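Observations on the model geometry
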Amino acid sequence: MDAVDSVVDPLREFAKDSVRLVKRCHKPDRKDLTLSRPAEFTKVAARTAIGFVVMGIVGFFVKLIFIPINNIIVGSG
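Attention in this report is confined to the structure presented alongside it. Please read these numbers as outputs of a predicted model, since none were measured by experiment. (Residues numbered from 1 in each chain as written. Predicted model: local features only at pLDDT ≥ 70, side-chain atom pairs only at ≥ 80, totals over all residues. Heavy atoms only, no water.)

Concerning the overall build of the protein
What counts here: Under the DSSP-based scheme used, a helix requires at least four consecutive residues in state H or I and a strand at least two consecutive residues in state E, with every element numbered from the N terminus. Accessibility here uses a 1.4 Å probe with only protein chains present; expressed as a share of the type maximum, an area under 20% marks a residue as buried, one over 50% as exposed, and anything in between as partly exposed. Here, Shrake-Rupley sampling with a 1.4 Å probe gives the accessible areas, and only protein chains in the shown set may cover a residue.
Counting secondary structure elements, the protein contains two helices and zero strands. Relative to its full complement of 77 residues, the protein shows a buried share of 3%. About 7,400 Å² of surface is accessible on the protein, with carbon and sulfur atoms providing 69% of the total.

Listed below in structure tokens is the structure:
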């Protein structure tokens with residue numbers, strides 16, 4: 001019975017913590033009733049899109065710089 005409890009207890013604790021987390025979280029609102037500022041969902045979506053664009057630009061320039069350097073290193077061998 002002790003072996004079963006050692007497996008079931010962490011699962012039970014995880015389930016309780018998960019339920020508590022879901023009850024505490026809230027969904028972002030899509031529309032703001034005052035229209036004086038963008039809704040939370042719009043802000044999050046815009047910041048995520050900006051992050052994707054910035055990471056794409058950084059990745060492009062890293063690739064643009066390191067491909068010739070790699071060709072010089074590998075080509076000399």
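So, the pattern of salt bridges
Where charged atoms from two side chains of opposite charge approach closely, those side chains can pair. Defined as follows: The term salt bridge refers to a pairing of a side-chain nitrogen on Lys or Arg with a carboxyl oxygen on Asp or Glu at a separation within 4 Å.
What the rule picks out here adds up to two salt bridges. Residue aspartate 9 pairs with arginine 12 through a salt bridge whose shortest N-O separation is 3.6 Å. Here arginine 12 and aspartate 9 lie together in helix 1 (residues 2-24), a separation of three residues that amounts to about one turn. Residue aspartate 9 is classed as partly exposed on the basis of its relative accessible area, which comes to 40%. Here arginine 12 falls in the exposed class, since its relative accessible area comes to 52%. The closest approach of N and O atoms between arginine 20 and aspartate 17, which form a salt bridge, is 3.1 Å. Taken as a pair, arginine 20 and aspartate 17 lie in helix 1 at a separation of three residues, close to a single helical turn. Among the residues examined, arginine 20 registers a relative accessible area of 53% and is labelled exposed. Take aspartate 17: its relative accessible area is 35%, and that puts it in the partly exposed class.

Focus: helix 2 (residues 40-75)
Note the threshold: To estimate the expected span of a helix, subtract one from its residue number and multiply by 1.5 Å. Note that bend, as reported per residue, equals the angle between axes fitted to the 7 residues terminating at that residue and the 7 residues originating from it.
Between the first and last C-alpha of helix 2 there are 52 Å, a value that for 36 residues agrees with the 52 Å anticipated at 1.5 Å per step. Of all the bends in helix 2, the largest measures some 25 degrees and sits at phenylalanine 66, one to four residues before the proline proline 68.

Focus: the packing of aromatic side chains
To be explicit about the condition: Here is the rule: rings of Phe, Tyr and Trp (six-membered ring for Trp) pair when centre to centre is within 6.5 Å. Planes less than 30 degrees apart are stacked, more than 60 are edge-to-face, and the remainder are tilted.
The tally for this structure, following the rule as stated, stands at one aromatic pair. Measuring from centroid to centroid gives 5.4 Å for phenylalanine 60 and phenylalanine 61, while their planes differ by 70 degrees, and the two rings are edge-to-face. On the accessibility criterion, phenylalanine 61 (44% relative accessible area) is partly exposed.

Observations concerning helix 1
Across its 23 residues, helix 1 extends 33 Å between first and last C-alpha, which sits within 8% of the 33 Å expected from 1.5 Å per residue. Counting buried positions along helix 1 yields zero of 23 residues, so the element is predominantly exposed.

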